[in-house]
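These are the residues of each chain, in order.
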Amino acid sequence: MTAFSAPKGVPDYFPPTSATFLAVRDILLGSARRAGYGYIELPVFEDTALFARGVGESTDVVTKEMYTFTDRGGRSITLRPEGTAGVMRAVIEHGLDKGQLPLKLAYAGQFFRAEQPQSGRYRQFHQVGVEAVGVDDPALDAEVIAIADEAFREMGLTGYRLELTSLGDSSDRPAYREKLQAFLAELPLDDETRRRASINPLRVLDDKRPEVRAMVADAPLMRDHLSDASRAHYEQVKGYLDELGVKFVENPRMVRGLDYYTKTCFEFVHDGLGAQSAIGGGGRYDGLMEQLGGQPLSGVGFGLGVDRSLLACQVEGVQPGDVSRCDVYGVPLGEAAKSRLVALSGALRATGVRFDLAYGGKGLKGAMKGADRSGARFALVLGERDIEAGVVQLKELATGDQREVPLVDVVISVREALGR
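Residues numbered from 1 in each chain as written. Predicted model: local features only at pLDDT ≥ 70, side-chain atom pairs only at ≥ 80, totals over all residues. Heavy atoms only, no water.

A. Inspection of the sheet that holds strand S2 (residues 45–47) at higher detail. Reading across from one edge, S2-S4-S3 is the order of the three strands in this open sheet, with antiparallel pairing throughout. The open sheet has two edge strands with one neighbour each: S2 and strand S3 (68–70). Across this sheet, the average inter-strand angle for adjacent strands is 35°, counted without regard to direction. One ladder, built from three bridges, connects S3 with strand S4 (residues 76–79); its direction is antiparallel. (Pairing = 2+ DSSP bridges. Helix = DSSP H or I, 4+ residues; strand = E, 2+ residues; numbered from the N terminus. Axes fitted to C-alpha atoms, helices over the stretch in contact; angles between N-to-C directions.)

And the structure:
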């Protein structure tokens, strides 16, 4: 028989780790919902041209990392490598930008990049993202950043930092681009890097090779070439972050891996993760919607890594969420007791109590081991004598304390014991 395994670079999540994974994802989404972001569900694959145009043809994502294939209709299809381009496509296609602005959307799901797998870098990874479209307001930039910061703090993380910069706007970039290209032209770059510099010189500053990093150490910085308007926008963003109590450090050499960013650009970094230290990031992308065929509306957003946030929690020894499978575990002693507890399982679950049962005719000792492994707070132990007496034994697993409760009142008694 063939032994199957998961594709290389694709993590499996199963209990108990999967409970923490879900808690991390829900915390990230919950922070966005509290700020008024509505949920949008996106296709896992889109027209390849959407990502080539939206993400940028000079990026590593497009040139090296996309999972692209031809479908049965001869169309070029790509598994989504990021979320913003897909959101913009949906906004344009469905006219979502015709209503009240800013349009505030949040999403979650799997994304795909054909990278070399390593710790924290997967070929299928999970992100939560937000996009705020239609208003160019520094306060909105600060809100987006604060949503992420609030979520990381809610998880219990402390060992991360927020790095911040400005990449300027369409009036700043041409002059800076010329200066940067002139600087790069004097360097002994290889042909492929020189080609990238001609398309988007900022990509060279994002090169991870030590020899290239050394060559560009004295490259001109965007922050020194901001227009008055871009500088004012950046200063206001920093001021609003101060008002929100969000701490940050400025990193003028930051270059995000996607071409569409303008003005505010940020990244959350956790040094406990090693080389793959970014747990999330984003920024403003004022020309993207028009580039994809929509209105010339501004936008700002982020993508936060669920997998890497989970790794950061493990590094810091924090565990958001509840890893227990249930609140109450049923221990039937005999077939008649099992029948009564099966009926009780439906009644308890209907009130929101998580209930599991010892299946398979286990004895008392084996069933109680199952109760301990489940993480339940209480066990309901029911035998033939209990049925005759019209009671069930409610046992607190942590202390061993046990008391009888009437079968007719068991739902109320269990909820009271759980503090509900």
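B. Structural detail: the environment of Pro-252. Looking at the element boundaries, Pro-252 is found in the loop between strand S8 (249–250) and strand S9 (262–270). On the basis of relative accessibility, which here comes to 22%, the residue Pro-252 falls in the partly exposed class. Pro-252 sits 89 residues away from Glu-163 along the chain, and the two C-alpha atoms are 9.1 Å apart. In contact with Pro-252, not counting residues within four places along its chain, are Thr-165, Leu-221 and Arg-223. (Buried < 20%, exposed > 50% of the residue type's maximum accessible area, 1.4 Å probe, protein only. Contact = heavy atoms within 4.5 Å.)

C. The packing of aromatic side chains, seen in detail. Under the counting rule described, the total for this entry stands at seven aromatic pairs. Here Tyr-160 and Phe-268 contribute two aromatic rings whose centre-to-centre distance is 6.0 Å and whose plane-to-plane angle is 55°, an arrangement assigned as tilted. With Tyr-160 in strand S7 (residues 160–166) and Phe-268 in strand S9, this pair connects stretches of sequence that are 108 residues apart. Take Tyr-160: its relative accessible area is 15%, and that puts it in the buried class. Counting every residue linked through ring pairs, the aromatic cluster contains Phe-152, Tyr-160, Phe-266 and Phe-268. Over the face of the ring belonging to Phe-111 we find Arg-80, whose NZ or CZ atom lies 4.4 Å from the ring centre. (Phe/Tyr/Trp six-rings, centres within 6.5 Å; stacked < 30°, edge-to-face > 60°. Lys NZ or Arg CZ within 6 Å of the ring centre and 35° of its normal.)

D. Quick look at the nonpolar core. Grouped together as the largest cluster of nonpolar side chains are 73 residues, with contacts concentrated most on Leu-28, Tyr-37, Phe-152 and Phe-268. In terms of residue count, the dominant contributor to this core is helix H5 (residues 138–155) (ten residues). Contacts of Phe-268, omitting those with residues within four sequence positions, involve Ile-145, Ala-148, Asp-149, Phe-152, Tyr-160, Arg-161, Leu-162, Ser-277, Ala-278, Ile-279 and Gly-280. (Core = buried A, V, L, I, M, F, W, Y, C linked by side-chain atoms within 4.5 Å.)

E. Examining helix H4 (residues 84–94) more closely. Among the eleven residues in H4, eight count as buried, and that is most of the element. For H4, the set of buried residues is Thr-84, Ala-85, Gly-86, Val-87, Met-88, Arg-89, Ala-90 and Val-91. Where the residues of H4 are buried, they touch S2, helix H2 (48–55), strand S5 (103–112), strand S6 (124–133) and helix H11 (288–291). Positive backbone phi, at 65°, marks Gly-95, one or two positions downstream of H4.

F. Geometry of the pattern of salt bridges. According to the stated counting rule, one finds 27 salt bridges in the structure shown. The salt bridge partner of Arg-89 is Glu-46, with a shortest N-O separation of 2.8 Å. In this pair, Arg-89 sits in helix H4 while Glu-46 sits in strand S2, placing the two residues 43 residues apart along the sequence. For the pair Arg-89 and Glu-46, one class covers both residues: buried. With a shortest N-O distance of 3.6 Å, Arg-121 and Glu-115 are connected by a salt bridge. Classification of Arg-121 as partly exposed rests on a relative accessible area of 22%. What makes Glu-115 buried here is its relative accessible area of 16%. Three or more residues joined by partner-sharing salt bridges are found here, namely Asp-136, Asp-141, Lys-263, Arg-284 and Asp-286. (Salt bridge = Lys/Arg side-chain N within 4 Å of Asp/Glu carboxyl O.)

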